[in-house]
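Spelled out, the chains give:
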Amino acid sequence: FCHGWLYDEAEAQQDAERFFAHLDGALRPLGDRLAALRVAVHWPSKPFAEPEAGARNPAEALRPELLSGLGDLARSQPGLLDRLVARLIETEVPLGPEEELELDALLRRIRDGAPRGGGRGGALLSPLHALSFWLMKRRAGQVGERLGREHLAPLFAALGDKAPRLHLIGHSFGAKLLASAVMGGLGPRSLVLLLAAFSAFAFAEEVPGTRRPGYYRPVLAGRRIAGPLVALRSVHDRALHSLYPAVTGGGEIARAAASPGWLGRARDVVVRSAMGAVGARGVGAPDLDLVDVQRSGLPRCPAINVDGSRIVTRTEWLIGAHRDIYHAEIATLVLMAAGLLEGSPAGARPRPLSPLRLS
């Protein structure tokens, strides 16, 4: 299990324990059929704060001392900060066409001097906040790919037939981190992305308006996951429905300035679409409901979208239900993806299987 952004080590451990407690409850019907090893991955997910800083309020976490100092600079020299951030964004190297479109839209928004506050959440996000978002998204990808390539993939290769079955669960930017670990060579049995904070077209066969595949397309095309990729979304996740478009340049201003015609509309859809808001797009994935899945189970598909809007509803200021992942239904979804539970009219039940180990 890997957490999202703005967590220190203690918070990451606490939230992992909370998630695993729900997972243990879902595992209980399996009795002693398996031995489950639980691993929590912590990564440096605060863009500017000290590692021991413990602010959990999103507003405080987004405004550390460095941001405050740069805010003073922006007030004393209007326009200077926007120009500096624009230059920094120009140096960013997009991993795939979906990120290329996002960065281009964000750069245009800053250069055009688009007023902030016209769209939902826009008043709270300066160009510097957008840059810190990009730094964290990039860091999650770098950490994950290196974790897979240099550490976990060689470890599992060395274990051979003795390797435990590996199931990956990532939340927010942690979802990007674990997808990147698979890109780095790690071969899990399942990959569950909870409210994933990266492009909905990252796994697409063709990113609309580009004629190119998403950066993570090899994960599906190369069958690097033995089982399914499951993407959970919720309409109550304001961080991904409203704030994500604001920091990728896809807010109301960008839509008004989008290029006319199909190509402009297609690219605008890419810029505004986070996986945790609309699911994985361009992969031919069926769309299921989290409550219904408890009875129907998961189909045998490489990728599956699951709408958790009836369960993932508990909101916090600014981010909505983005952190509301601690539910028995989500734990059950993870075990269905792992092939341990199946749906039934009475609810999820153990699948007939021989004793196995789960990692």
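Residues numbered from 1 in each chain as written. Predicted model: local features only at pLDDT ≥ 70, side-chain atom pairs only at ≥ 80, totals over all residues. Heavy atoms only, no water.

## Notes on unusual backbone geometry
- Here Arg223, not a glycine, exhibits a phi torsion of approximately 50 degrees, which is positive.
- You can see Arg223 is positioned in the loop between helix H8 (217-221) and strand S4 (229-233).
- Classification of Arg223 as exposed rests on a relative accessible area of 67%.
- Phi angles above zero are rare outside glycine, and Leu318 is one such case at about 75 degrees.
- On the secondary structure map, Leu318 appears in the loop between strand S6 (303-307) and helix H14 (328-337). (Helix = DSSP H or I, 4+ residues; strand = E, 2+ residues; numbered from the N terminus. Buried < 20%, exposed > 50% of the residue type's maximum accessible area, 1.4 Å probe, protein only.)

## Some points on the side chain of Glu99
- Its location among the elements puts Glu99 in helix H5 (residues 97-111).
- The class for Glu99 is buried, based on a relative accessible area of 9%.
- Glu99 has contacts with Pro94, Trp134, Lys137 and Lys176, leaving out every residue within four places of it along the chain. (Contact = heavy atoms within 4.5 Å.)

## Some words on the packing of aromatic side chains
- Taken as a whole and assessed by the stated rule, the structure comprises ten aromatic pairs.
- An angle of 15 degrees between the planes, with centres 4.7 Å apart, marks the rings of Phe1 and Phe19 as stacked. One end of the pair, Phe1, is in the segment before helix H1 (9-27); the other, Phe19, is in helix H1, with 18 residues separating them in the sequence. Neither Phe1 nor Phe19 differs from the other in exposure class; each is buried.
- A connected cluster of aromatic rings, assembled from ring pairs, spans Trp5, Phe133, Phe173 and Tyr244.
- The ring of Trp134 has Lys137 lying over it, and the distance from NZ or CZ to the ring centre is 4.3 Å. (Phe/Tyr/Trp six-rings, centres within 6.5 Å; stacked < 30°, edge-to-face > 60°. Lys NZ or Arg CZ within 6 Å of the ring centre and 35° of its normal.)

## Some remarks on the confidence of the model for the protein
- Here the protein averages 85 in pLDDT, and 81% of its residues register 70 or above.
- When the criterion is pLDDT under 50, residues 59-64 qualifies, and its contacts beyond four places in sequence or with other chains add up to twelve contacts. (pLDDT = per-residue confidence, 0-100.)

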